[in-house]
Amino acid sequence: MVLSSLHSLRLKYMSLGVLVLQTTSLVLTMRYSRTLKEDGLRYLASSAVVSAEVLKILACTLLVFMENNFSVRAMNQLLKEEIVNKPVETMKLAIPAGIYTLQNNLLYVALSNLDAATYQVTYQLKILTTALFSVSMLGKRLASYQWLSLLFLMAGVTLVQWPTESEGDSEQKILSAGSQFVGLMAVLTACVSSGFAGVYFEKILKETKQSVWVRNIQLGLFGFVFGLVGMIVYDGPRVRQSGMFQGYSTITCTVVVLQALGGLVIAMVIKYADNILKGFATSLSIIVSALISYFLLEDFNPTGVFFLGSLLVIAATFLYGYEHKPASSSAIKV
């Protein structure tokens, strides 16, 4: 009994470490790769999104192969039955796949214009959008303390984005403000798309008993197509001139791997992590991102207002995930 509880505790702390590492490393490496001063061409964000989708498809295929006792025939039969023979069910995944592809491209835009710490805090608004879509699409009931946490969340993000006086000439200030506005709009759009796609995907998973890895293969296939179309439309001339993998380096490949496999790793460890642990992971990730942005990347100057906003966001994350069975009178439904 004691060994079992120790094993469970070890798994929880391992899950916490994995969640913090994945969340923080993806944001910081993506930010670093988009701001790194280097000779030659910079890699195309649209190309990185397509590469990540291909890698995700391969990883999920391997997981399905393992689930079917390493039988190629059984895996092929399952994929044909679930993907090819059920075209209507497969097409349902086109909507969230398209939105996720848009979201992934927006994250590159956001981290090209915002420091990692500000991005991390602002991106927590996805809790708000996910909650609102859960209420409207799934009929979920939120307790009064959860609505309160959403108010804290909005107040915290507002403080984090509050303009501060900075040194430098007026032209530099205008450029900085413009860049921050572009980054903010990208994050806000990503939050809305993340909330909708996440709830839509959850609704589909609840309606069927299909393997989550098969679902991710379907998402990846549509994501690959949408990403490829987006790359041709927006970066077609540069791809034809210098190739799809122009500007790729070790750090670029790291970003692609983290983006492709990060979500799958989280899916595997999340069953060991309760809401409080996920709250700790979010908090630690924000703190680590702020410290590394300040000391290593040197692109972040924290203010008192930022710290106050961050504390409100962290408190909101814990409050929203607090597992408490409210009385029926305290439940609110919109």
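What you are looking at is a predicted structure, and each value in this text was computed from that prediction instead of being measured. (Residues numbered from 1 in each chain as written. Predicted model: local features only at pLDDT ≥ 70, side-chain atom pairs only at ≥ 80, totals over all residues. Heavy atoms only, no water.)

Asker: Which parts of the structure should I look at to understand the nonpolar core?
Answerer: Judged by nonpolar contacts, the single largest core of 47 residues is most densely connected at Y108, Y119, L150 and L153. Residues within four places of L150 in sequence aside, it is in contact with I127, L128, A131, L142 and Y320. One finds A59, C60, M75 and I83 within the second-largest nonpolar core, a separate group that totals 11 residues. (Core = buried A, V, L, I, M, F, W, Y, C linked by side-chain atoms within 4.5 Å. Buried < 20%, exposed > 50% of the residue type's maximum accessible area, 1.4 Å probe, protein only. Contact = heavy atoms within 4.5 Å.)

Asker: Help me understand the pattern of salt bridges in this model?
Answerer: Where charged atoms of side chains with opposite charge meet at close range, the side chains can pair. Under the counting rule described, the total for this entry stands at 6 salt bridges. Note that R215 and E89 form a salt bridge whose closest N and O atoms lie 3.7 Å from each other. Residue R215 is found in helix α10 (residues 212-242), and its partner E89 is found in helix α4 (residues 87-91); the two are separated by 126 residues along the sequence. Note that D235 and R238 form a salt bridge whose closest N and O atoms lie 2.5 Å from each other. Here the residue D235 and the residue R238 both occupy positions in helix α10, the gap between them amounting to 3 residues, near one helical turn. The exposure class assigned to D235 is buried, which follows from its relative accessible area of 9%. Three or more residues are tied together by salt bridges with common partners; here these are E89, K92 and R215. (Salt bridge = Lys/Arg side-chain N within 4 Å of Asp/Glu carboxyl O. Helix = DSSP H or I, 4+ residues; strand = E, 2+ residues; numbered from the N terminus.)

Asker: Sorry, what's going on with the packing of aromatic side chains here?
Answerer: Any aromatic ring pair is given by two values, namely how distant the centres are and how the planes are angled relative to each other. Across all of its chains, the model carries 11 aromatic pairs by this definition. Ring geometry for F306 and F307: centres 6.2 Å apart, planes at 75°, overall edge-to-face. A relative accessible area of 6% means that F306 is categorised as buried. Among the residues examined, F307 registers a relative accessible area of 47% and is labelled partly exposed. A network of ring pairs unites the aromatic residues Y43, Y108, F245 and Y248 as a single cluster. Across the ring face of Y43, the terminal group of R34 is positioned such that the distance to the ring centre comes to 4.7 Å. (Phe/Tyr/Trp six-rings, centres within 6.5 Å; stacked < 30°, edge-to-face > 60°. Lys NZ or Arg CZ within 6 Å of the ring centre and 35° of its normal.)

Asker: Can you walk me through unusual backbone geometry in this structure?
Answerer: What you tend to see is this: most non-glycine residues have negative phi, and most peptide bonds are trans. Positive phi values are uncommon outside glycine, yet N69 reaches one of about 55°. Assignment of secondary structure puts N69 in the loop between α2 (45-67) and α3 (72-84). Of note, E298 is a non-glycine position whose phi angle comes to about 55°, a positive value. Relative to the helices and strands, E298 is located in the loop between α12 (275-297) and α13 (304-321). Judged by relative accessible area, E298 falls into the exposed class, the value being 65%.

Asker: Help me out: how do you make sense of the environment of T61 in this one?
Answerer: You can see T61 is positioned in helix α2. We classify T61 as partly exposed; its relative accessible area is 23%. Sequence spacing of T61 and L79 is 18 residues, and the spatial spacing of their C-alpha atoms is 9.2 Å. Setting aside its immediate chain neighbours within four residues, T61 contacts M75 and I217.

Asker: What is the right way to look at the packing of helix α7 (residues 126-138) against helix α8 (residues 144-160) in this model?
Answerer: How two helices sit against one another is set out by the angle between their axes and by the gap between those axes. Across the interface, α7 lies against α8 with an axial gap of 10 Å and an inter-helix angle of 145°. α8 is crossed by α7, and the crossing has left-handed handedness. Of the residues in α8, those in contact with I127, L128, A131, L132 and V135 of α7 are W147, L150, L153 and M154. Within the contact of α7 with α8, the residues separate by chemical class into 9 nonpolar, no polar and no charged. (Axes fitted to C-alpha atoms, helices over the stretch in contact; angles between N-to-C directions. Left-handed = near helix turned anticlockwise from the far one by under 90°. Nonpolar A, V, L, I, M, F, W, Y, C, P; charged D, E, K, R; others polar.)

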